[in-house]
Amino acid sequence: MNGFAINGILVVGLFTVYSGHAQTFKKQVLSEKYYAEGAEIADINLDGVPDIVSGPYWYQGPDFKKTHEIYAPKEFNSGLTDNRGVYVYDFTGNGFPDLIRKFDCCAKGLTLMVNPGTTGGAWKHVPIADLCGNETPFLVDITGDGKPEFITMVDGIPGFYAPNWQQPLQKWKWYPVSTKKLDMNDGQILGRHGIGVGDINRDGKMDLIYPTGWYEQPAEGALSSAWKHHPATFLQQLYLDEKNHGGAHMYLYDVDGDGDLDIATSLQAHGRGLSWFENVDGMGAQWKEHRLMDTPENKAKFGVYFSMPHSMNWADFDGDGHPDFVLGKRYYTHGPKLTDGPPVLYLFKLKRDGLNSTFLPILVDDIVGVGNQIGVGDVNGDGMPDIVVATPKGTYLYINTTKPPLSSLISQSDPNTIGFLKLYHFDGKLLLEVNNGVRSMDGRHQKSLFIGTGPADTH
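Everything quoted here is computed from the prediction, not taken from an experiment.

S.K.: Talk me through the overall build of the protein; I want residue IDs and the actual numbers.
M.R.: Within the protein, the secondary structure is distributed over one helix and 36 strands. For the protein, the proportion of its 459 residues judged to be buried stands at 55%. A sequence separation of at least 24 residues applies to 48% of the contacts in the protein between residues at least 6 apart. Taken as a whole, the protein presents about 19,000 Å² of accessible surface, with 52% of it coming from carbon and sulfur.

S.K.: So what's going on with the sheet that holds strand β13 (residues 149-154)? Residues and values would help.
M.R.: In spatial order, the strands read β12-β13-β14-β15; together these four strands make up an open sheet with antiparallel pairing. The sheet is open, and its two edges are formed by β12 (138-140) and β15 (173-176), each paired on a single side. Neighbouring strand axes in the sheet, compared pairwise and without regard to direction, differ in orientation by 35° on average.

S.K.: Can you break down the pattern of salt bridges residue by residue, with the values?
M.R.: Applying the stated criterion to the full structure yields 15 salt bridges. Ionic pairing is found between Asp155 and Lys181, a salt bridge with its closest N-O pair at 3.5 Å. Placement of Asp155 in the loop between β13 and β14 (157-162) and of Lys181 in the loop between β15 and β16 (184-185) is noted, with a sequence separation of 26 residues between them. Where Arg272 meets Asp340, a salt bridge forms, and the shortest distance between an N and an O atom there is 3.6 Å.

S.K.: Could you give an account of unusual backbone geometry, naming the residues involved and the relevant values?
M.R.: Note that the residue after Gly61, namely Pro62, is joined by a cis bond; omega there is 15°. Tracing the backbone through its elements, the reader meets Pro62 in the loop between β6 (57-60) and β7 (66-69). Of note in the backbone geometry, Leu46 takes a positive phi value of approximately 55° without being a glycine. Topologically, Leu46 is positioned in the loop between β4 (40-42) and β5 (51-54).

S.K.: How would you explain the environment of Leu208 if you had to name every residue and give the values?
M.R.: With respect to the helices, strands and loops of the structure, Leu208 is situated in strand β19 (residues 207-210). Residue class for Leu208 comes out buried when judged on its relative accessible area of 0%. Between the alpha carbons of Leu208 and Gly198 there is a distance of 6.7 Å; along the sequence they are 10 residues apart. Not counting residues within four places of it along the chain, the set of residues in contact with Leu208 comprises Ile142, Ile151, Gly159, Val177, Gly196, Val197, Gly213, Trp214, Tyr215 and Trp227.

S.K.: Lay out the environment of Val53 with the relevant residues and their values.
M.R.: Relative to the assigned elements, Val53 resides in strand β5. Judged by its relative accessible area of 1%, Val53 is buried.

S.K.: Mind laying out the packing of aromatic side chains, listing which residues take part and the relevant values?
M.R.: Scanning the model with the defined rule gives 23 aromatic pairs in all. Ring plane angle 45° and centroid distance 6.2 Å describe the contact between Tyr346 and Phe348, whose orientation is recorded as tilted. Judged by its relative accessible area of 2%, Phe348 falls in the buried class.

S.K.: How would you explain the side chain of Thr402 if you had to name every residue and give the values?
M.R.: Mapped onto the secondary structure, Thr402 falls in the loop between β32 (394-400) and β33 (406-407). At 2.8 Å, the side chain of Thr402 forms a polar contact with the side chain of Gln23.

S.K.: Talk me through the nonpolar core; I want residue IDs and the actual numbers.
M.R.: Judged by nonpolar contacts, the single largest core of 32 residues is most densely connected at Ile151, Leu208, Trp227, Phe306, Phe325, Phe348 and Phe359. Secondary-structure elements contributing two or more residues to this core are β13, β18 (195-198), β19, β22 (249-253), β24 (274-279), β25 (287-293), β27 (324-329) and β28 (345-353). A per-element tally of this core places β28 first, with three residues. Apart from the residues lying within four places of it in its own chain, the contact partners of Ile151 are Pro137, Phe138, Val140, Ile142, Gly159, Phe160, Ile195, Val197, Leu208 and Tyr210. The next biggest cluster of nonpolar side chains, apart from the first, holds 15 residues, and it includes Leu345, Val370, Ile374 and Tyr398.

S.K.: Explain the sheet that holds β27 residue by residue, including any values.
M.R.: Strands sit in the order β26-β27-β28-β29 across an open sheet of four strands; the sheet is antiparallel. Strands with a single pairing partner mark the edges of an open sheet, and in this sheet they are β26 (309-315) and β29 (356-365). Averaged over all neighbouring strand pairs, the angle between strand axes comes to 25°, with direction disregarded. Note that β28 and β29 share nine bridges and pair antiparallel. Looking across to β29, one finds that Arg352 is bridged to Ser357.

S.K.: I'd like to hear about the side chain of Glu149, residue by residue, with values.
M.R.: Relative to the helices and strands, Glu149 is located in strand β13. One buried charged residue, Glu149, forms no salt bridge at all, with the nearest opposite charge on Lys147 at 9.0 Å. At a separation of 2.8 Å, a polar atom in the side chain of Glu149 contacts the main-chain amide nitrogen of Ile142. When neighbours within four sequence positions are excluded, Glu149 is seen to be in contact with Phe138, Leu139, Val140, Asp141, Ile142, Thr143, Phe160, Tyr161 and Ala162.

S.K.: Can you tell me about the pairing of β7, naming the residues and giving the values?
M.R.: Here β6 pairs with β7 via four bridges, running antiparallel. Considered in β7, the bridge of Trp58 is made with His68. Between the antiparallel neighbours β6 and β7 lie five residues, among them Phe64 with a positive phi of about 65°.

S.K.: Help me get a handle on the confidence of the model for the protein, residues and values and all.
M.R.: As a note on interpretation, predicted positions should not be read in detail where pLDDT is low. Looking at the protein as a whole, its pLDDT mean stands at 82, while 78% of the residues score no less than 70. Overall, residues 1-21 carries pLDDT values under 50, and its contacts beyond four positions in sequence, including any with other chains, amount to 57 contacts. Below pLDDT 50 for its whole length, residues 407-459 participates in 117 contacts with residues either more than four positions away or in separate chains.

Cut-off values and rules
- Residues numbered from 1 in each chain as written.
- Predicted model: local features only at pLDDT ≥ 70, side-chain atom pairs only at ≥ 80, totals over all residues.
- Heavy atoms only, no water.
- Helix = DSSP H or I, 4+ residues; strand = E, 2+ residues; numbered from the N terminus.
- Buried < 20%, exposed > 50% of the residue type's maximum accessible area, 1.4 Å probe, protein only.
- Contact = heavy atoms within 4.5 Å.
- Areas by Shrake-Rupley, 256 points an atom, 1.4 Å probe, with all protein chains shown as cover.
- Pairing = 2+ DSSP bridges.
- Axes fitted to C-alpha atoms, helices over the stretch in contact; angles between N-to-C directions.
- Salt bridge = Lys/Arg side-chain N within 4 Å of Asp/Glu carboxyl O.
- Phe/Tyr/Trp six-rings, centres within 6.5 Å; stacked < 30°, edge-to-face > 60°.
- Polar contact = N/O pair within 3.5 Å; in protein donor to acceptor, adjacent residues only side chain to side chain.
- Core = buried A, V, L, I, M, F, W, Y, C linked by side-chain atoms within 4.5 Å.
- Lys, Arg positive; Asp, Glu negative; His and termini not counted.
- pLDDT = per-residue confidence, 0-100.

Next up, the structure:
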């Protein structure tokens, strides 16, 4: 990959231009040692400045050069790390964010690492769960009580862990949402990787999504009874030499702008494939796949190919009002297999024209790849989301230096909801997009007028 250095920080140029905007990042090396495969962004010491946590350390912002030990560091030169993800929340209620550490893929459990806060000293490590059988779990509020639960699976059964909030350091209780294990594939449980959370049927309650379908939360609430399973297929075995346990993180968003939630997911975490699934009937009974990437033979068709899409996250990386997906290749996950290309990191940028939606692949890096978890957050307060990854090649921060369009002189910038003005850089000039918010007769499309101006200056 081409780039140039400023003060020792590599500036990686993304050479695709869309809507007149180039996407750029500054790459900063936090560590070149293999400690972990997960990272997150949080204000660990409550000084008002975001920090980065990954593996045995948290890296103090704003320059992330000073490290603080969370547990005794152990460097891995081969094999798989004993830190596959980190999840942040103030579980003890003292205002300081605590951390949940996920040890391995499926056999081991979870440990709550308690932030010492103003007292300083060592972090307290408390086991809270014996098993965690999904490699890409979520920490999210699924019960609606304003506090998060840990969404995963145990012995093939989907469900979630929840603490007793009066005594959060005790073992957490397991709440299965089904009595039946997820489907099997050659003796292997499907769903070890893919998992998601969202209100599929728009009843105001969060549902659980797995590669073989989704589980509807009962009307009485998440803790009341078994959840109804709605079969669906959100995976495919595109690489035949590897069993398919499912994809990675599954995200729900109204991709096509028709008012319901669609699903974006990789298809085979240790293989190939990426798609978004259109919620055709709006209630999760019928799905239509839109393939975004699959095999090397179809690279020209989709404009991109990489294997082992093992983790994913999303955020609005260009400020256009729509979330974009960040994912990449997890290198050497099961030994030297599928080394067909470098360990890449990509954005898939959502571009929408009425109900017509496309994803534009943008290369971020081709040196580091991804691990089990990609952290996303604004580390420097510029309003643009940044990326942090931890992989066998180390821990790296990608600072988003993209300037968003000057948008929304009314109240919103989403062209599917209201009129707007946007100002773009394009081909050395400024381009003003004027949209009055008036929809066409079908109620779906708005028309914009593009006005070219003089030579562009920085904005």
